[in-house]
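# Structural overview
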Amino acid sequence: MKQMTLGADGPQVSAIALGCMRLTELDDRQAASLIDHALALGISAFDHADIYGGGECERRFARAARLSGARREGVFIQSKCGIRRGYYDFSFRHIMASVDDILQRLQCDYLDMLLLHRPDALVEPQEVAEAFDRLQVSGKVRAFGVSNHAPLQMALLQKVLTQPLRVNQMQFGIAHCGMVRSGINVNVQSDAAVDRDGDTLNYCRLHDITLQAWSPFQFGMFSGVFLDHPDFAPLNQALETIAARHGVSKTTLATAWILRHPAQMQVVAGSMNAERLAQIAQACEVSLSREEWYQIYLAAGNPLP
Amino acid sequence: MKQMTLGADGPQVSAIALGCMRLTELDDRQAASLIDHALALGISAFDHADIYGGGECERRFARAARLSGARREGVFIQSKCGIRRGYYDFSFRHIMASVDDILQRLQCDYLDMLLLHRPDALVEPQEVAEAFDRLQVSGKVRAFGVSNHAPLQMALLQKVLTQPLRVNQMQFGIAHCGMVRSGINVNVQSDAAVDRDGDTLNYCRLHDITLQAWSPFQFGMFSGVFLDHPDFAPLNQALETIAARHGVSKTTLATAWILRHPAQMQVVAGSMNAERLAQIAQACEVSLSREEWYQIYLAAGNPLP
Amino acid sequence: MKQMTLGADGPQVSAIALGCMRLTELDDRQAASLIDHALALGISAFDHADIYGGGECERRFARAARLSGARREGVFIQSKCGIRRGYYDFSFRHIMASVDDILQRLQCDYLDMLLLHRPDALVEPQEVAEAFDRLQVSGKVRAFGVSNHAPLQMALLQKVLTQPLRVNQMQFGIAHCGMVRSGINVNVQSDAAVDRDGDTLNYCRLHDITLQAWSPFQFGMFSGVFLDHPDFAPLNQALETIAARHGVSKTTLATAWILRHPAQMQVVAGSMNAERLAQIAQACEVSLSREEWYQIYLAAGNPLP
């Protein structure tokens, strides 16, 4: 498993993280097996959020981890806070309370990283800074990041934060690749050129913020998986052809497509299936050519001017 | 009435400004009453533009102010220039002539602040800088700002200006809130995520430029007022419920929604109605919770991913 | 012919460049005549790309130049690389090989400037930096730029490049003027306000990067020329009226419209017609008023809020 650094000089993690959003689909023992399986594959980073399963995913993970061979120092655990029922909340009070709740559910002394889940329009950067300082000093959180943030939202936070933002977790995959598509189509009078993220990809590259890709196989927002989906026939055909050439599965290839990007993203894969997880992990060994990367991009219906 | 500072260390003003775009709807005596009424409410900032009423609004204001109890040093008067018939013009010559005309119509020796009304595609920053320098040295204008400007347009000006841009007056309200909506919907494949302003809100927060909100109760561009408008039934319902909880009117609440934002915007309210103006002024005393702010945002049909 | 500087202190060039994309429409002798004609008009800059005519345009130019009165030191030759069949490629290896091929086809010892043609999503800035350094040291390329790039794409490159990016060649003309239209319509809830280029125009002004305007008379992407096109009747009417006032042709006026912009763009005109080229060159002598510039902008259907 390929290892990578989060941010310029942050923690070392596996290039694939296991997303635990659907962990409640498994019982404790199945979840323990999945964790052991992930670790055997070299996947030692686990992605949580306080809202996954209404908190149940973190609880399930804690129980399963105890049944598994995982040791706390051998894994990297991140979680997210800031989304509440019907609103977002980056207040000092909510961040502090959320982390305590997360740690209790995870039965952990500390988080390796905390992410702010979705940009709170009412954010007071000074409150976030105070929360992060306290969380760091108390040892409850070791690194910090954001999710779904645009450049100036990060800049507004970073201006007053003591800690560097290490990551920005964004939805990214072949069928949701606006972050690269708008850059390829600059100044074309089409929807493909429309900026919907402030060019956060290049901002992150410029400022050494690691992009984590969530929902790597989805299209739309949780609309479905493009693999073997009839609406993505040319894409699946292209994946099949290129996958065969590399002797891997389409899942492996779709993962390798993300890893191929020079921004060196970490892939957050939420598969609860052992076989598929192995295919995802295998992506680190695939070297896609530039031409293949673009062929896949095009096969998904993304334009090249 | 809440007081606020324009920019990092600019002039002190009331958090509500009276927009004088429709002042010609009143005769001199009625306008004088409105000014007295505004002052009694603590609203001491008055927003003009050379084009309002073709100049007649500034003239009306001058005559009414003389009939009112207003003293020049007790009020903050801003006006705007740069829009001409069919084009925009930030040339040195036009700015200088415009200010002289404004001062003559307003019967004033100086403007507390001058705004460039809409971005002139043909702007020569050096010409603006020379105009601003002369206007400041001559005492004709005490502070400077822009209106409807995107980040790099401001940066291009600021690079050569001696004076800090204190404000950016943008259309903003519950039913025209693209400035926050695109930030909330970063990277979502929908129109709500589309960037139409370069994230000017976060740019202004980063650079200590105060946002002034124009047309706070309108939808579209002068398409109408959303209050009690049948097309905004869920919004009006939500406003009613929350307003009742706070014991205020919907108008007060719609104003408080803008004031609640941590960017600390100043609200430019153009009501010519004494009763409504009192309701607007009352907004400074309302403390909206984060949850209420988002409820109102959502009730207007704005999405939260 | 007006002369201009590329970038802050780069090479001096003519304000009009001859775009050689369609040079294969002429035989060697006709092409030689066109080159002589251009030089007589003061047009001494020639724009190429490795893909124009599949390389044939550069070969044709080399043969024609030998038949013409052009001397190498009297002309400014730029070419572009990075577009391959079905993908873009800014790898060290491809840039180096491309320049060698370009020089061989052009029968030149050096390029006055090399542009990266369209943003490669997989760009590794360090590879570009190494290529540019080698090309400069070897004397093969004297200046560098990009084409169709957004601000952060340029920033990502410039961060590691030794050489300043002198130009950004963008599609720009009356009927494809999103670069100014979105700036004029900031924060309007319409398509005209939508950002499709990250405000590259103001970024280039801020950072002294010269904009070169490609396809100055086209609408869409190679969809056709708006001059005398029935879909652009009001525009042609406005051009006719204003052109008559200045005693020039519509072609001259459409060129002058671009030159009028204070960003001081260079116009890359791809006309293979001697008469039209003379009309284009004449644009340097036309002084459009601000009002006329906006009249033409509006006549093309572009909105002014």
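Residues numbered from 1 in each chain as written. Chains lettered and ligands numbered in written order. Predicted model: local features only at pLDDT ≥ 70, side-chain atom pairs only at ≥ 80, totals over all residues. Heavy atoms only, no water.

### With respect to the environment of Ser-68 of chain C
Residues and elements named next belong to chain C. As a reminder, the rule being used: Helix numbers and strand numbers start at the N terminus; a helix is a DSSP run of H or I with at least 4 residues, a strand a run of E with at least 2. Relative accessibility thresholds used throughout: buried, under 20% of the residue-type maximum; exposed, over 50%; partly exposed, between the two (1.4 Å probe, protein chains only). Note on definitions: a residue-residue contact is assigned when non-hydrogen atoms from the two residues lie within 4.5 Å. Any N or O atom pair separated by 3.5 Å or less is treated as a polar contact, with the protein-specific requirement of one donor-capable and one acceptor-capable atom, and with residues adjacent in sequence counted only for side-chain atom pairs.
Mapped onto the secondary structure, Ser-68 falls in the loop between α2 (56-67) and β5 (76-81). Overall, Ser-68 belongs to the buried group, its relative accessible area being 11%. Taking the C-alpha atoms as reference points, Ser-68 and Arg-245, separated by 177 residues in sequence, lie 37 Å from one another. Setting aside anything within four residues of it in sequence, one finds Ser-68 in contact with Ala-32, Ile-35 and Asp-36. A polar contact of 2.8 Å, which involves the side chain of Ser-68, links it to the backbone oxygen of Ala-65. Among the polar contacts made by the side chain of Ser-68, one reaches the main-chain amide nitrogen of Ala-70 at a distance of 3.0 Å.

### Concerning the pairing of strand β14 (residues 266-269) of chain C
Residue and element names in this part refer to chain C. Worth spelling out the cut-off: Following DSSP output, two strands are said to pair if at least two bridges run between them.
The alternating pattern of β14 places Gln-266 and Val-268 on one face and Val-267 and Ala-269 on the opposite face, and all of these are buried. The pairing of strand β3 (residues 16-19) with β14 spans three bridges and is classified as parallel. Its bridge partner lying in β14, Ala-17 is registered against Val-268. Pairing analysis gives two bridges linking strand β11 (residues 210-214) to β14, with the strands arranged parallel. Among the inter-strand pairings, Gln-212 is bridged to a residue of β14, identified as Gln-266.

### What about the relation of the copies chain C and chain A?
For clarity, the threshold we go by: When the copies are superposed, the least-squares fit takes in the C-alpha atoms of residues with a pLDDT of at least 70 in both.
After a rotation of 120° and a shift along the axis of 0.0 Å, chain C superposes on chain A with an RMSD of 0.0 Å. Expressed as a symmetry operation, the mapping of one chain copy onto the other fits a three-fold axis. Residue Asp-195 of chain C of chain C places its C-alpha closer to the rotation axis than any other residue of that unit, at 3.3 Å.

### Describing the relation of the copies chain A and chain B
Superposition record for chain A on chain B: RMSD 0.0 Å, screw rotation 120°, translation along axis 0.0 Å. Here only 6% of the contact residues of chain A are again contact residues in chain B; the copies associate through non-equivalent surfaces.

### Points about the nonpolar core
Burial of nonpolar side chains together is a common tendency in soluble globular proteins. Where we set the bar: We call a set of buried Ala, Val, Leu, Ile, Met, Phe, Trp, Tyr and Cys residues a nonpolar core when their side-chain atoms join them within 4.5 Å.
Counting residues in hydrophobic clusters, the biggest one holds 344 residues, and the most contacted among them are Leu-114 of chain A, Leu-114 of chain B together with Leu-114 of chain C. Filtering out sequence-adjacent residues up to four positions away, Leu-114 of chain A remains in contact with Ser-79, Lys-80, Cys-81, Ile-95, Val-99, Ile-102, Phe-132, Leu-135, Val-141, Ala-143, Phe-144 and Gly-145 of chain A.

### Observations concerning empty space enclosed by the protein
Counted only if it meets this: Cavities and pockets were defined on a 1 Å grid built from protein atoms only: a cavity is a group of points that admits a 1.4 Å probe but offers it no way out, a pocket is an open group of points flanked by protein on both sides within 12 Å along at least five of seven lines, and a lining residue is one with an atom within 4 Å of any such point. Grid points are joined across faces, edges and corners, and a volume is the space filled by probe spheres set on the points. Any residue outside Ala, Val, Leu, Ile, Met, Phe, Trp, Tyr, Cys, Pro, Asp, Glu, Lys and Arg is labelled polar, Gly included; the first ten of those are nonpolar and the last four are charged.
Here the structure, examined in full by the defined rule, presents five cavities of 30 Å³ or more. Along the walls of the largest cavity sit 18 residues, with Asp-120, Ala-121, Val-123 and Gln-153 of chain B together with Asn-202 of chain C positioned nearest its centre. Breaking the lining of the largest cavity down by element, the ones donating at least two residues are α5 (151-158) of chain B together with α6 (178-184) and α7 (200-206) of chain C. Of the residues that constitute the lining of the largest cavity, the class distribution is ten nonpolar, five polar and three charged.

### Observations concerning the interface of chain A and chain B
What counts is decided by this rule: As used here, buried area is the combined drop in accessible area, with a 1.4 Å probe, of two parts when they are placed together. Criterion for a salt bridge: a side-chain nitrogen of Lys or Arg within 4 Å of a carboxyl oxygen of Asp or Glu.
Contacts between chain A and chain B engage 34 residues on the former and 27 residues on the latter. With both chains or domains summed, chain A and chain B bury close to 2800 Å², and 56% of this area falls on carbon and sulfur atoms. A salt bridge links Asp-89 of chain A to Arg-290 of chain B, with the nearest nitrogen and oxygen atoms 3.4 Å apart. Linking chain A with chain B are 17 residue pairs in polar contact (both at pLDDT 80 or more). Counting residues per element, the ones that place at least two in the side of chain A that touches chain B are β7 (87-88), α5 (151-158), β10 (165-171) and α6 (178-184) of chain A. Ranked by the residues each element gives to the side of chain A that touches chain B, the list is headed by α5 of chain A, at four residues.

### Notes on the UniProt feature "domain: NADP-dependent oxidoreductase" (unreviewed entry) in chain A
Keep this limit in mind: UniProt positions are given in the numbering used here, feature names are shortened, and annotations may be inferred rather than shown by experiment.
What UniProt calls "domain: NADP-dependent oxidoreductase" (unreviewed entry) maps, in this numbering, to residues 16-296 of chain A. Across residues 16-296 of chain A, the secondary structure splits into 41% helix and 16% strand, with the terminal C-alpha atoms separated by 20 Å.

### Section: the domain arrangement of chain A
Reports often express the size of an interface as the amount of accessible area lost when the parts come together. All names here are of chain A. Note the threshold: Residue ranges for the domains trace back to a domain assignment, done automatically or taken from a database.
When its domains are assigned, chain A resolves into domain 1 (10-164) and domain 2 (171-206 + 226-304). A separation of 25 Å is found between the C-alpha centroids of domain 1 and domain 2. Taken together, the contact between domain 1 and domain 2 spans 24 residues of the former and 23 residues of the latter. Between domain 1 and domain 2, roughly 1700 Å² of surface is buried when both sides are summed, and carbon and sulfur atoms account for 69% of that area. When the buried surface of domain 1 facing domain 2 is broken down by residue, Ala-15, Ile-16 and Pro-151 rank first, second and third, together holding 29% of it. At the surface where domain 1 touches domain 2, the tally comes to zero salt bridges. At the boundary of domain 1 with domain 2, the tally comes to eight residue pairs in polar contact (both at pLDDT 80 or more). Going through the elements one at a time, β2 (12-14), β3 (16-19), α1 (28-41), β4 (45-47) and α5 are the ones with two or more residues in the side of domain 1 that touches domain 2.

### A word on helix α9 (residues 250-259) of chain C
Counting buried residues in α9 of chain C gives ten out of ten residues, a clear majority hidden from the surface. Taken together, the buried positions of α9 of chain C are Lys-250, Thr-251, Thr-252, Leu-253, Ala-254, Thr-255, Ala-256, Trp-257, Ile-258 and Leu-259 of chain C.

### Describing helix α3 (residues 92-106) of chain A
Residue and element names in this part refer to chain A. This is how it is decided: The span one expects for a helix is its residue count, reduced by one, times 1.5 Å.
End to end, α3 covers 21 Å across 15 residues, agreeing with the expected 21 Å (1.5 Å per residue, within 8%). Of the positions making up α3, those classed as buried are His-94, Ile-95, Met-96, Ser-98, Val-99, Ile-102, Leu-103, Arg-105 and Leu-106. Looking at the buried residues of α3, the elements they touch are α2 (56-67), β5 (76-81), β6 (83-84), β8 (113-116) and α4 (125-137). Gln-107, located one to two residues past α3, shows a positive phi value of around 55°.

### Digging into the environment of His-261 of chain B
Note that His-261 of chain B resides in the loop between α9 (250-259) and β14 (266-269). Considered as a pair, His-261 of chain B and Ile-16 of chain B are 245 residues apart in the sequence and their alpha carbons are 14 Å apart. Among residues more than four places away in sequence, those in contact with His-261 of chain B are Ala-121 and Leu-122 of chain A together with Val-180, Leu-201, Arg-205 and Trp-293 of chain B. Within the structure, the side chain of His-261 of chain B is placed 2.9 Å from the backbone oxygen of Ala-121 of chain A, a separation counted as a polar contact.

### Considering unusual backbone geometry
All names here are of chain A. Its identity as a non-glycine residue notwithstanding, Gln-107 has a phi of 55°, on the positive side. Residue placement: Gln-107 occurs in the loop between α3 and β8. The backbone of Asp-199 sits at a positive phi, close to 60°, despite the residue not being glycine. Counting through the fold element by element, Asp-199 comes out in the loop between α6 and α7 (200-206). For Asp-199, a relative accessible area of 15% translates into the label buried.

### Structural notes on the packing of α1 of chain A against α2 of chain A
All names here are of chain A. Our working rule: Here the axes come from fitting lines to C-alpha atoms, over the contacting stretch only for helices, and the angles between their N-to-C directions go from 0 to 180 degrees. Any angle between 65 and 115 degrees counts as roughly perpendicular, while under 35 counts as roughly parallel, over 145 as roughly antiparallel, and the rest as oblique. Helix crossings fall into two classes, left-handed where the near helix is turned counterclockwise from the far one by less than a right angle and right-handed where it is turned clockwise.
Axis separation between α1 and α2 bottoms out at 8 Å; the angle between their running directions is 70°. One way to sum up the angle between α1 and α2 is to call them roughly perpendicular. Viewed along their axes, α1 and α2 form a crossing whose handedness is right-handed. From α1, Asp-28, Arg-29, Ala-31, Ala-32 and Ile-35 reach across to α2, where they touch Arg-60, Phe-61, Arg-63, Ala-64, Ala-65 and Leu-67. For the contact of α1 with α2, the per-class residue count stands at seven nonpolar, no polar and four charged.

### A look at the sheet that holds strand β4 (residues 45-47) of chain C
Residues and elements named next belong to chain C. Spatially, the eight strands close up into a barrel ordered β3-β4-β5-β8-β9-β10-β11-β14, and their pairing is parallel. Averaged over all neighbouring strand pairs, the angle between strand axes comes to 25°, with direction disregarded. Relative to β4, β3 is paired through three bridges, and the arrangement is parallel. Bridging across to β4, Gly-19 finds its partner in Asp-47. Strands β3, β11 and β14 of the sheet are contacted by α9, whose axis makes an angle of about 145° with β14.

### As for the interface of chain C and chain A
Taken together, the contact pairs 34 residues of chain C with 27 residues of chain A. In this assembly, chain C packs against chain A so that about 2800 Å² is buried in total across both faces, 56% of it on carbon and sulfur atoms. Contact with chain A buries area across many residues of chain C, yet Leu-122, Leu-152 and Arg-196 of chain C alone supply 26% of it, more than any other trio. Where chain C meets chain A, there are two salt bridges. One salt bridge connects Arg-290 of chain A with Asp-120 of chain C, and the closest N-O pair in it is separated by 2.6 Å. Linking chain C with chain A are 17 residue pairs in polar contact (both at pLDDT 80 or more). Contributions of two or more residues to the side of chain C that touches chain A are made by β7 (87-88), α5 (151-158), β10 (165-171) and α6 of chain C. If you tally residues by element for the side of chain C that touches chain A, the top one is α5 of chain C, at four residues. Classifying every residue of the side of chain C that touches chain A by side-chain character gives 16 nonpolar, seven polar and eleven charged.

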